[in-house]
Amino acid sequence: METIAEATKQITIEFTNLARVIAGEKEIQRAFPQASTYADIIAWLADTYPDMVGILIQENRRAFTNSTMFIINNEMSLPAFILEQTPKEGERLTIVSIPTGG
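The following refers to the structure shown. (Residues numbered from 1 in each chain as written. Predicted model: local features only at pLDDT ≥ 70, side-chain atom pairs only at ≥ 80, totals over all residues. Heavy atoms only, no water.)

Our next topic: the overall build of the protein chain. Summing up its helical and strand segments, the protein chain has 2 helices and 5 strands in all. Reading the protein chain from its N terminus to its C terminus gives the helix and strand order β-α-β-α-β-β-β. Within the protein chain, the fraction of its 102 residues that count as buried is 43%. Taking as baseline every contact in the protein chain between residues at least 6 positions apart, the subset at least 24 positions apart corresponds to 54%. Total accessible area on the protein chain stands at roughly 6100 Å², and carbon and sulfur atoms take up 53% of it. (Helix = DSSP H or I, 4+ residues; strand = E, 2+ residues; numbered from the N terminus. Buried < 20%, exposed > 50% of the residue type's maximum accessible area, 1.4 Å probe, protein only. Contact = heavy atoms within 4.5 Å. Areas by Shrake-Rupley, 256 points an atom, 1.4 Å probe, with all protein chains shown as cover.)

With that out of the way, let us pick up the nonpolar core. Within the largest apolar cluster, 26 residues are counted, with the highest numbers of intra-cluster contacts made by Ile13, Phe15, Leu45 and Phe70. Counting only elements with at least two residues in this core, the list comes to β1 (8-15), α1 (17-23), β2 (27-33), α2 (38-48), β3 (68-72) and β5 (92-97). The element best represented in this core is α2, accounting for 7 residues. The residues touching Leu45, leaving out its near neighbours within four places in the chain, are Ile13, Phe15, Pro50, Ile57, Phe64, Phe70 and Ile95. (Core = buried A, V, L, I, M, F, W, Y, C linked by side-chain atoms within 4.5 Å.)

Across the 5 residues that make up β3, a large majority, 5, are buried. Of the two faces of β3, the one lined by Thr68, Phe70 and Ile72 and the one lined by Met69 and Ile71 are each fully buried. The pairing of β3 with β5 spans 5 bridges and is classified as antiparallel. In the strand pairing of β5, Ile71 is matched with Thr94. (Pairing = 2+ DSSP bridges.)

The next point concerns the environment of Ile95. Residue position: Ile95 is located in strand β5. Given a relative accessible area of 1%, Ile95 falls into the buried group. Taking C-alpha positions, Ile95 is 5.8 Å from Met69, a pair spaced 26 residues apart along the chain. Each residue touching Ile95, except ones within four places of it in the same chain, is listed here: Ile13, Glu14, Phe15, Thr16, Ala19, Leu45, Phe64, Thr68, Met69 and Phe70.

With that settled, the discussion passes to the packing of aromatic side chains. Scanning the entire structure with this criterion turns up 5 aromatic pairs. Geometrically, the ring pair formed by Phe32 and Trp44 is edge-to-face, given 5.5 Å between the ring centres and 90 degrees between the ring planes. Linking Phe32 in strand β2 with Trp44 in helix α2, this pair joins segments that are 12 residues apart in sequence. As far as the burial class goes, Phe32 and Trp44 line up, both buried. Centre to centre, the rings of Trp44 and Tyr49 are 6.4 Å apart; their planes meet at 85 degrees, and the pair counts as edge-to-face. Under the relative-accessibility criterion, Tyr49 is labelled buried at 10%. (Phe/Tyr/Trp six-rings, centres within 6.5 Å; stacked < 30°, edge-to-face > 60°.)

Geometric values such as these leave the question of function open.
Pasting the structure below:
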């Protein structure tokens, strides 16, 4: 019996600052299942780069810490705040951490 391959979409993830140090690379391209949400991609990042958990990724592994976000297609006006939304084919997600404190 022949199985039908699950539909996927290509996503580019760019690492900046601390994320780049932890990941050890500038960017990656990966195919994710078509139904993947931004939260699913964060969970994949947590599994792939466990040192990000507790620093850039919350302990629940489905959201970033308060000072970290995805910027979509290099548009600072388009951060991914609703993590249950689904990214589009070919999106470029840049992990940005904003320094906070007083």
